[in-house]
Amino acid sequence: MNKQSFKRFLSTLTGRKNIRVRMFWAALLSFFYMAALSWILAYFSLDPGFLGTVGDLIFMIIMFLFFFFLLTRHIVRYLRTLAEGLLTIAGGNLDYRLPVSNEDELGEVAKSINYMAEQLQEKINRERRIENSKMELITNVSHDLRTPLTSIIGYLNLLKNDNYEDIEEHKRYINNAYNKSQQLKKLIDDLFEYTRLTSGSVNLTFTKLDWNALVEQIINEFEPIAQENSLTVRTIRDQTPIYGYVDAEKMVRAIDNLLINALKFSIKPGEITVRLIADEQHITFAVENWGKPISEEQEKLLFERFYKADPSRNDQHGSPGAGMGLSIAKNIVDLHGGRIGLNHQNGHFTFFMELARM
């Protein structure tokens, strides 16, 4: 028996990790102390035998209980500590943590209570962040709606009053008004899509498709937009077909959101790398780009609804958004039973989606 095995055996024997063994030892020692006390009293002729047989029995029971309570007082004290701590946490003090001084069942109870408090605290903090995000959403959406709407009204007012010099300026006003209306449509579509995805009312229509063909089509449509923003697109993928069962419309939306996110926050001029890899069990789609580094706390919040990592950075070329693109992508991937995530290191971002290959 090695040293570690001996320690485990000794720990089990003494009841350090098992409260029932400790209670057994407490009862055994209480009986031993009671017998020893009775012998001592008899030895010094102090035996309370004059009380009779019943009196002797009552005396022995009292002595047994006295020693038993004495030996188990630390267990009772720890139980009282757990009860008081639980009341403190129930009273709203989620920062309080119970002392984990035992390795037995009571220690496990204390760890479970502490874990419960941590989860409650995290949930409350999460709800607070979401509530703050909702308020930010109202502010951002109000601004994003008002700005293009004001522009549209201004251009239409100029056209209504024939306040333009020539047909070219007339066309420019119409084109600007149209672009602003598209911004409004994009924002409203995002809000509507997010509401549908989170309401649980979305029914996916799974079809078998070739991921290579899907990605190629999306990249062909995305490359001209990227070039306008001084970005090149590099695609790394197998040429052989990669088949999977997905809701094509929803998956196109998720992929497009990842690409638009890279477009918005890439260092320009620069490069966006798109990877599509597959094994026997999974299909992984990833978008890589270089951008402004963010903190670990911001990384955790990127997929939160309505969260913007850097609200001060405005999209100069695309439609302004309410910070829902990544959240919409996450909901779509979740509905497909996959996972979405981010690997970030010193400004190098890799957003990826991993789905089962059915």
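Residues numbered from 1 in each chain as written. Predicted model: local features only at pLDDT ≥ 70, side-chain atom pairs only at ≥ 80, totals over all residues. Heavy atoms only, no water.

Trainee: Now, about the overall build of the protein chain: what can you tell me, with residues and values included?
Mentor: Scanning the protein chain from terminus to terminus reveals 10 helices and 7 strands. Taking all 358 residues of the protein chain together, the buried fraction comes to 34%. Here the protein chain has roughly 22,200 Å² of accessible surface; of this, 57% comes from carbon and sulfur atoms. (Helix = DSSP H or I, 4+ residues; strand = E, 2+ residues; numbered from the N terminus. Buried < 20%, exposed > 50% of the residue type's maximum accessible area, 1.4 Å probe, protein only. Areas by Shrake-Rupley, 256 points an atom, 1.4 Å probe, with all protein chains shown as cover.)

Trainee: Go over unusual backbone geometry with me, naming the residues and quoting the values.
Mentor: Following K268, the chain continues into P269 via a peptide bond in cis, with omega recorded as -5°. Mapped onto the elements, P269 comes out in the loop between α8 (248-265) and β4 (270-278). Its identity as a non-glycine residue notwithstanding, S230 has a phi of 60°, on the positive side. Positionally, S230 belongs in the loop between α7 (211-228) and β2 (231-237). A residue is classified by how much of its surface remains accessible, and S230, at 43% relative accessible area, is partly exposed.

Trainee: Which residues make up the packing of α8 against helix α10 (residues 325-335), and what values do they have?
Mentor: For the pair α8 and α10, the least separation of the axes is 9 Å and the interaxial angle reads 145°. Crossing hand, α8 versus α10: left-handed. For the pair α8 and α10, contact is made by K250, M251, R253, A254, N257, L258 and N261 and by G325, L326, I328, A329 and I332, respectively. A breakdown of the residues in the contact of α8 with α10 according to their chemical character gives 7 nonpolar, 3 polar and 2 charged. (Axes fitted to C-alpha atoms, helices over the stretch in contact; angles between N-to-C directions. Left-handed = near helix turned anticlockwise from the far one by under 90°. Contact = heavy atoms within 4.5 Å. Nonpolar A, V, L, I, M, F, W, Y, C, P; charged D, E, K, R; others polar.)

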